[in-house]
Amino acid sequence: MPKTTNLSEDASERYEHYAFKVGQGQTPMRIDKYLLNYIENITRSKIQNAAKEGGVLVNDVAVKPNYKVKPGDRISVTFEHPTYEQLLVPEEIPLDIVYEDDDVLVINKPAGMVVHPGHGNYSGTLINALIYHFENLPKNSSDRPGLVHRIDKDTTGLLVVAKTEVAMNHLSNQFAEKTSEREYVALVWGNVEHDEGTIEGHIGRHPKNRLQNTVYEGEEIDKGKAAITHYKVLERFGYVTLVSCKLETGRTHQIRVHMKHIGHTLFNDERYGGNTILKGTTFTKYKQFVENCFKILPRQALHARTLGFEHPTSGKYLRFEVDIPDDMAQCIDKWRNYAKHQDN
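Here we summarise the structure given alongside this text. (Residues numbered from 1 in each chain as written. Predicted model: local features only at pLDDT ≥ 70, side-chain atom pairs only at ≥ 80, totals over all residues. Heavy atoms only, no water.)

**Observations regarding the overall build of the protein**
A tally of helices and strands in the protein yields seven helices and 18 strands. On C-alpha atoms alone, the protein measures out to a radius of gyration of 22 Å, which is about the 20 Å that the 2.2 N^0.38 rule sets for 344 residues. Structurally, the protein occupies a C-alpha span of about 70 × 55 × 40 Å along its principal axes. Put simply, 66% of the contacts in the protein that link residues at least 6 apart link residues at least 24 apart. Put simply, the protein shows about 17500 Å² of open surface, and 46% of that area lies on carbon and sulfur atoms. (Helix = DSSP H or I, 4+ residues; strand = E, 2+ residues; numbered from the N terminus. Rg over C-alpha atoms; globule rule 2.2 N^0.38 Å. Contact = heavy atoms within 4.5 Å. Areas by Shrake-Rupley, 256 points an atom, 1.4 Å probe, with all protein chains shown as cover.)

In structure tokens:
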């Protein structure tokens, strides 16, 4: 998330919510359209209204919605209220607690729950729930209470939360030093060629769609950060494959980006194009089968199944595993039965 800055001291003060610098390869584009690719869960009308109120600045000058962005432009988007991250409200939201002691909390996050507030998701987040149930949680480097790591809104599974400063520092170091264990289960499009393998690809923002990340290679490698994913095939269903993915690093959308990079986009991953038929026929019967699977699992097929780390005070290694949730399990069963029928 870009920095947040109080921009003035008078009664009509504005607060900077987003700040961007336009890349050198950008072609001229209306700024309201351009910002749609940068700001998650915002509408074009909201951007246009912000611009009309003087809230969209380019190189410190307010611009209209039809301004054409150019390479090197510095853009900031401001509103007449603090960011909602600064206005956290405790909410009585139930938590599926897998483990708890005085230092740490392990939670099984459901699909649809955003981990921390952001534009378009100001309530109902995991942090809103955490600050209701627990007092004086330590803040991470981004001032988010308790958070050591995160998983995407529609990804399910395990998260560890720090309850003390010592735990926050200890756990954060484990994640940074790659000594923690994180294993995910994913259903991906296509028949993965090798039974197991490692994907190494620097991950950074997509140059054209800022809501996506992509892999950078060759001369562009410096545009991304090093990322390593180890995968292993669990089951093959012909047009889709069930895989286990272990993270050595923790980049945003890492598994989603890496699997797409090797030609195996996650099943029903709308953001990365997995919500259309990528493998198989276009016959009506097959198309209907896939659409039924999408209805059963209306999100990317990704579950954080296993989490392991050294306890910050006892030094004991803790390892947790949670079952694949019902929606994903039902979708996998449908593909398993479909594959059996095809074999007969």
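**Quick notes on the nonpolar core**
As a rule of thumb, nonpolar side chains are buried together in soluble globular proteins. Counting residues in each nonpolar core, the largest one holds 31 residues, and the members touching the most others are L126, L130, V243, I255 and M259. For this core, the elements supplying multiple residues, two or more each, are β9 (104-109), α3 (126-133), β10 (156-162), β11 (181-189), β15 (228-236), β16 (240-247), α5 (254-261) and β17 (302-310). Among the elements that take part in this core, α3 stands out by supplying four residues, more than any other. The next biggest cluster of nonpolar side chains, apart from the first, holds 20 residues, and it includes L187, V240, F289 and I332. (Core = buried A, V, L, I, M, F, W, Y, C linked by side-chain atoms within 4.5 Å. Buried < 20%, exposed > 50% of the residue type's maximum accessible area, 1.4 Å probe, protein only.)

**Regarding unusual backbone geometry**
Even without a glycine there, the phi angle at K178 is positive, about 65 degrees. Of note, H253 is a non-glycine position whose phi angle comes to about 60 degrees, a positive value. Looking at where H253 falls in the secondary structure, it is placed in the loop between β16 and α5.

**Digging into α3**
Of all the positions in α3, only L126, I127, N128, A129 and L130 are classed as buried. At its buried positions, α3 is contacted by β9 and β10.

**Details of the packing of aromatic side chains**
According to the stated counting rule, one finds 12 aromatic pairs in the structure shown. Relative to Y286, the ring of Y239 has its centre 5.1 Å away and its plane inclined at 70 degrees; by these criteria the two rings are edge-to-face. Placement of the pair is Y239 in the loop between β15 and β16 and Y286 in helix α6 (residues 284-296), with a sequence separation of 47 residues. The class of Y286 is buried, set by a relative accessible area of 3%. Aromatic pair F309 and F320: ring centres 6.1 Å apart, planes at 35 degrees, arrangement tilted. (Phe/Tyr/Trp six-rings, centres within 6.5 Å; stacked < 30°, edge-to-face > 60°.)

**Some remarks on the environment of H194**
Locating H194 in the fold gives a position in the loop between β11 and β12 (196-200). Beyond its immediate sequence surroundings of up to four residues, H194 is in contact with Y231, V233 and R236.

**Concerning α6**
Across its 13 residues, α6 extends 18 Å between first and last C-alpha, which sits within 8% of the 18 Å expected from 1.5 Å per residue. Looking only at α6, the buried set comprises Y286, F289, V290, C293 and F294. For α6, the buried positions fall inside an angular range of 140 degrees around the axis, keeping them on one side. When the buried face of α6 is taken as reference, the exposed residues oriented beyond 90 degrees from it are T284, K285 and K295. (Expected span 1.5 Å × (residues − 1). Arc of directions from axis to C-beta.)

**Focus: the side chain of H264**
Tracing the backbone through its elements, the reader meets H264 in the loop between α5 and α6. Accessibility expressed as a relative area gives 10% for H264, which makes it buried. Reaching out from H264, the side chain makes a polar contact with the backbone oxygen of W189 at a distance of 2.7 Å. (Polar contact = N/O pair within 3.5 Å; in protein donor to acceptor, adjacent residues only side chain to side chain.)

**What to know about the side chain of T306**
Mapped onto the fold, T306 is located in strand β17. A distance of 2.7 Å separates polar atoms of two side chains, one belonging to T306 and the other to E183. Leaving out residues up to four positions away in the same chain, T306 has contacts with L158, E181, R182, E183, R319, F320 and E321.

**Things to note about the environment of D323**
Positionally, D323 belongs in the loop between β18 (317-321) and α7 (326-343). The class of D323 is exposed, set by a relative accessible area of 69%. Considering only alpha carbons, one finds D323 and T282, 41 residues apart in sequence, at a separation of 33 Å.

**Quick notes on the pattern of salt bridges**
Here the idea is simple: oppositely charged side chains can pair when their charged atoms come close. Taken as a whole and judged by the stated rule, the model has 15 salt bridges. Measuring nitrogen to oxygen at the nearest pair gives 3.5 Å for the salt bridge that ties R150 to D152. On the basis of relative accessibility, which here comes to 11%, the residue D152 falls in the buried class. Put simply, R319 and E181 hold a salt bridge, and the shortest N to O gap is 3.2 Å. Within this pair, whereas R319 is found in strand β18, its partner E181 is found in strand β11, the two being separated by 138 residues in sequence. (Salt bridge = Lys/Arg side-chain N within 4 Å of Asp/Glu carboxyl O.)

It is worth stressing that arrangement in space is one thing and function is another; only the former is reported here.
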